[in-house]
Amino acid sequence: MKALFRGILAGLLVWPWLVLADQEAAVESGVNEEVQTLKQQVLELNRDLFMLEEELLFPSNTQVSVFVSMDVGEFFQLDSVQVKLDGKEVADYLYTQRELDALIRGGVQRIHMGNLRTGEHELVAFFTGKGPRGRDYKRGATTRIQKGLGPKYVELKIVDQTKNFQPEFDIKEW
Amino acid sequence: MPKLALQFLLLWIGLAMTGSSYATSVKPQQVLDLHYGEVLFHFYQEDYFTAISQLMVARQQNLLQHHLNESDLLLGGLQLSYGMPDQAERRFDRLLDQNTDADLRNRIWYYLTKISFQRGHYRSALGKLQKIDKPDDKSIGTELAVLNANLHMALGENEVAADVLENTRAPDGWEEYLRINRGIAMLRAGNIEEGRKTLDKLGKEDADNEELRALRDRANLGLGYELLRAGDAQQAREYLNRVRLQGPFKQAALLGAGWADAEQGDYKQALTPWLALLELASYEAPVQEAHLAVPYAFAQLGDSKRAIFFYEQAIGYFDEEQQQLDAAIQGTQSGVLLSLLSQTDTGIAGGWLHDAPTLEGVPSGRYLVDVLSSHSFQEPLKDYRDLGYLQQLLNQWLENIHLYYDMVDARRLAYQQRAPLIRERLAKQQATALYQRWQDYQSLTVAQHGSGDPLDLATGKEKQQWRTLRKVQATLASLPPEPRRTNLLAKARWLQGILYWQIQSNYKTRLWDVEKQLQALEGPVTEAVSKHQQVSDALDNVKVGFDGYDRRIAAMRQRILALLPRIQASRDDASDQLQQLALKELETRRQRLASYRIQARYALARSYDLIAQQSGEQP
């Protein structure tokens with residue numbers, strides 16, 4: 001009888017270490033060549049379809065993209081960004097924690113992609129968030145952008161103003 | 001318990017995959033191309049498919065001029081994370097062949113080390129790891145040290161692994177992980193005392209977050225079991241007592257604590273944790289084993305009646321669990337597992353499954369979820385989910401593709417309506433005529449330098465005045481010669497002279513001014529001609545472009561249609577593989593339960609015999 005329990009015990013004793021011992025083996029299993037090839041082929045097709053769609057929906061002569069990036073201290077928590085072009089709302093985005101982390105690490109979000117005629121246009125952007133001690137922030141910025149023949153890229157960068165440590169928009173045309 | 005094992009596993013893999021600080025440069029990255037930043041935005045969210053897609057598009061459109069080398073490396077890393085190690089390895093090998101700088105080479109060797117590690121080529125991985133220069137950054141150094149130690153442990157070189165970890169300075173947040181691994185490596189290397197000290201210290205420390213508390217529990221549990229195996233039950237009990245009863249290792253700790261007491265002959269004390277396990281109404285291994293351990297303890301205490309009661313209870317419990325397992329096996333054979341798998345399609349780009357699926361409509365689902373969450377299922381499950389996402393994506397493209405045909409048709413119609421008007425206007429050759437006039441003026445100014453007739457540069461008004469004066473003179477000349485006519489003629493000649501003098505006196509200024517204006521006009525006039533040609537060419541090319549779009553869309557549609565059945569076939573393979581693995585796992589559990597049941601019945605029979613013997617002995 002005791003032998004049985006010895007056996008059980010021996011089995012249990014092993015498990016705490018197993019997680020380290022077999023980790024590498026499991027990672028490899030299942031990754032077969034066909035799945036890898038399919039992934040590569042779908043990625044290439046997705047790229048081609050994406051470019052086709054962009055050419056058809058947003059031709060370079062009228063294409064405009066608005067990007068959001070951040071360069072702020074850890075005390076500012078972004079909640080949302082709203083963008084208006086020529087008085088029309090084109091984006092109103094609420095951020096998840098995962099997206100915020102990605103922005104803080106240097107990621108850049110394309111918040112809007114659309115079409116504009118060549119010439120001058122008005123861009124208005126607002127962001128809301130929370131600063132130190134949970135204080136609510138809402139800041140806005142207005143700028144006039146010049147749309148030429150090629151694609152137009154506008155970056156809305158949320159930065160800390162060093163004089164008052166409050167976040168503001170820094171708008172850059174690329 | 002398997003799920004916990006998975007979580008721990010993912011933690012370690014996660015540390016060494018592309019999300020690590022060594023895979024990308026130290027944050028935050030300075031982004032010089034917006035599109036590179038966009039790729040990073042998805043990469044940091046572990047949305048590898050979208051990140052790779054964006055990166056491929058940006059590279060194709062030549063939008064990553066400032067991050068070209070990094071983007072190549074990032075693409076390889078993303079491929080590795082997305083489960084494309086073959087493509088990643090080829091890319092890294094190619095990058096190594098180029099004249100890459102030291103930093104880039106180090107990062108490439110890191111990735112190649114990871115690939116060899118994943119494939120189980122540990123010795124080769126160690127060789128690659130040694131090619132990486134010692135980094136200045138502490139966290140990168142720690143990451144490499146952990147990788148190094150893991151490789152040595154995988155090779156059974158636990159002493160070396162322990163040394164590596166011993167000599168590594170840990171940055172914030174790493175210290176506890178290094179210590180638990182060092183402790184494990186030492187125990188594995190047979191250095192029980194040092195390993196025990198390391199884990200003991202870790203197990204006693206205060207922990208201010210759940211992750212660290214779980215790590216502390218793990219150290220205490222591991223140490224407790226190790227000491228039980230070594231025969232030091234008293235010490236083992238102390239470590240097992242430290243494991244939190246509200247933590248993830250509660251069941252294993254209770255079982256071990258009972259065994260520590262039993263090993264010391266204190267079966268009464270052992271009953272406390274074991275009976276607590278029975279109250280948990282769980283199906284996990286420690287509870288199953290406690291169902292045997294409790295009557296065993298009563299038997300050892302000489303309480304045969306209670307032993308019989310609990311053996312019978314255990315048999316009932318095993319029977320019930322066996323029914324559940326049989327139902328799970330039957331369900332798996334009849335496709336229930338596939339229904340459960342469909343709950344793992346979350347609509348995002350595949351990847352690791354972080355949350356267990358719900359059990360809606362799945363009989364005996366708890367066993368299946370348990371099996372799915374276990375270690376060996378993760379890779380085929382990831383393949384299954386990745387393929388599901390690809391299938392969903394291509395079906396969406398297929399649904400949308402007729403819209404692209406419509407868009408091209410709409411443009412074709414607009415072209416057919418507008419092109420004739422534009423052609424008509426182009427036919428007027430306005431730009432060419434304008435250019436011709438410019439050329440004429442240009443020739444005139446050149447000729448002025450030779451002939452120098454100031455009247456050529458007279459303004460329109462002056463020319464009109466000149467012509468009027470000439471006409472006046474001609475009229476006066478035809479009148480009878482009277483003194484009044486002579487005076488008027490003289491006056492007209494005088495005025496003509498004044499006009500000529502005015503024109504002639506600033507002739508050089510006028511010539512310079514004209515030349516300047518002609519020079520300024522050259523650009524716009526040439527551009528007008530060029531635009532005229534462009535519009536003309538575009539009109540000819542647009543039609544060809546429409547046909548080109550039609551061909552491109554048709555070709556892509558064909559590619560989608562060719563890929564979909566292959567994806568379905570691979571997904572079927574993956575689900576078959578999962579089904580086989582599930583059946584194997586469930587069968588193992590069934591056999592284990594059957595074995596417990598046999599043991600319980602055997603022990604029950606012995607208990608009855610004992611009672612009968614005792615009854616027979618009594619007068």
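Residues numbered from 1 in each chain as written. Chains lettered and ligands numbered in written order. Predicted model: local features only at pLDDT ≥ 70, side-chain atom pairs only at ≥ 80, totals over all residues.

Participant: What's the story with the overall build of chain A in this structure? I'm lost.
Facilitator: Secondary structure summary: chain A contains four helices and eight strands in total. Seen in sequence order, chain A has helices and strands lined up from the N terminus as α-α-α-β-β-β-α-β-β-β-β-β. In chain A, which comprises 174 residues, the share counted as buried stands at 29%. (Helix = DSSP H or I, 4+ residues; strand = E, 2+ residues; numbered from the N terminus. Buried ≥ 20, exposed ≤ 12 C-beta atoms within 10 Å, placed from the backbone.)

Participant: Help me understand the overall build of chain B, please; the structure alone is not making it clear to me.
Facilitator: Tallying secondary structure elements over chain B gives 24 helices and zero strands in all. In terms of overall size, chain B is more extended than a compact globule, its C-alpha atoms giving a radius of gyration of 44 Å where 619 residues would be expected to give roughly 25 Å. Across its three principal axes, chain B shows a C-alpha extent of roughly 185 × 55 × 40 Å. The buried share among the 619 residues of chain B stands at 37%. Within chain B, contacts between residues separated by at least 24 positions form 64% of all contacts whose residues are at least 6 apart in sequence. (Rg over C-alpha atoms; globule rule 2.2 N^0.38 Å. Contact = placed C-beta atoms within 7 Å.)

Participant: Just to check I follow, could you spell out the environment of Leu-95 of chain B for this structure?
Facilitator: Residue and element names in this part refer to chain B. As for its placement among the helices and strands, Leu-95 is situated in helix α5 (residues 85-97). The sequence separation of Leu-95 and Gln-439 amounts to 344 residues, and the corresponding C-alpha distance is 56 Å. Other than its neighbours up to four places away in sequence, Leu-95 contacts Asp-72, Leu-73, Thr-100 and Ile-108.

Participant: Got a minute to help me understand the sheet that holds strand β2 (residues 77-85) of chain A in this structure?
Facilitator: Residue and element names in this part refer to chain A. With respect to topology, four strands assemble into an open sheet ordered β3-β2-β5-β6, the strand pairing being antiparallel. Unpaired on one side and paired on the other, β3 (88-94) and β6 (136-147) mark the two borders of the sheet. With strand direction ignored, the average angle separating the axes of adjacent strands in the sheet is 15°. (Pairing = 2+ DSSP bridges. Axes fitted to C-alpha atoms, helices over the stretch in contact; angles between N-to-C directions.)

Participant: For this particular structure, what's the right way to read helix α12 (residues 210-230) of chain B?
Facilitator: The periodicity of an α-helix, 3.6 residues per turn, causes residues three or four positions apart to be oriented the same way. Helix length check: α12 of chain B, at 21 residues, gives a terminal C-alpha distance of 30 Å against a target of 30 Å (1.5 Å per residue), a fit within 8%. Of the residues flanking the end of α12 of chain B, it is Gly-231 of chain B, one or two places downstream, whose phi is positive at about 90°. (Expected span 1.5 Å × (residues − 1).)

Participant: Got a minute to help me understand the domain arrangement of chain B in this structure?
Facilitator: Reports of interface size often rely on the accessible area that becomes lost once the parts have come together. As far as domains go, chain B holds domain 1 (1-118), domain 2 (134-190), domain 3 (200-281) and domain 4 (407-559). The straight-line distance from the C-alpha centre of domain 3 of chain B to that of domain 4 of chain B is 99 Å. (Domains from an automatic or database assignment.)

Participant: Can you help me understand helix α3 (residues 33-57) of chain A in this one?
Facilitator: Taking 1.5 Å of rise per residue, 25 residues should cover 36 Å, and α3 of chain A covers 35 Å from first to last C-alpha, within 8% of that figure. Turning to α3 of chain A, its buried residues number three or more, namely Val-35, Leu-38, Lys-39, Val-42, Leu-43, Leu-45, Asn-46, Arg-47 and Leu-49 of chain A.

Participant: Looking at this structure, I do not really get the sheet that holds strand β4 (residues 109-115) of chain A. What am I missing?
Facilitator: In a beta sheet, neighbouring strands are held together by backbone hydrogen bonds and run either parallel or antiparallel to one another. All names here are of chain A. Sheet architecture is open: four strands sit in the order β4-β1-β7-β8, paired in mixed fashion. A single partner strand is all that each edge strand has here, and the edge strands are β4 and β8 (166-173). Each strand of the sheet is rotated relative to its neighbour by a mean of 20°, with strand direction disregarded. Relative to β4, strand β1 (residues 63-71) is paired through six bridges, and the arrangement is antiparallel. Across the sheet, the residue bridging to Val-64 is Gly-114, located in β4.

Participant: How should I be thinking about the nonpolar core in this particular structure?
Facilitator: A general trend in soluble globular proteins is that nonpolar side chains are found buried together. Residues Ile-52, Leu-55, Leu-78, Ala-185, Ala-297 and Leu-578 of chain B are the most contacted members of the largest nonpolar core, which totals 155 residues. Each residue touching Leu-55 of chain B, except ones within four places of it in the same chain, is listed here: Val-39, Ser-71, Leu-74, Leu-75 and Leu-78 of chain B. (Core = buried A, V, L, I, M, F, W, Y, C linked by C-beta atoms within 7 Å.)

Participant: Where do I start with the environment of Arg-119 of chain B in this structure?
Facilitator: Examined against the element boundaries, Arg-119 of chain B turns out to sit in the loop between α6 (102-118) and α7 (122-129). Distance in space between the C-alpha atoms of Arg-119 of chain B and Pro-85 of chain B is 9.4 Å, their sequence separation being 34 residues.

Participant: What is the right way to look at the environment of Leu-511 of chain B in this model?
Facilitator: All names here are of chain B. Here Leu-511 shows up in helix α24 (residues 507-617). Residues Leu-511 and Ser-530, 19 residues apart in the sequence, show an inter-C-alpha distance of 28 Å. With sequence-adjacent residues up to four places away left out, Leu-511 is seen in contact with Thr-445, Gln-448 and Leu-457.

Participant: Could you clarify how one ought to interpret the packing of helix α13 (residues 233-241) of chain B against helix α14 (residues 250-263) of chain B in this entry?
Facilitator: Residues and elements named next belong to chain B. Direction vectors running N to C along α13 and α14 enclose 155°, while the axes themselves pass 9 Å from each other. Taken together, the axes of α13 and α14 are roughly antiparallel relative to one another. In terms of crossing hand, the pair formed by α13 and α14 is left-handed. On α14, the residues touching Ala-233, Ala-236, Arg-237, Leu-240 and Asn-241 of α13 are Ala-253, Gly-256, Ala-257, Ala-260, Asp-261 and Glu-263. (Parallel < 35°, antiparallel > 145°, perpendicular 65-115°, else oblique. Left-handed = near helix turned anticlockwise from the far one by under 90°.)

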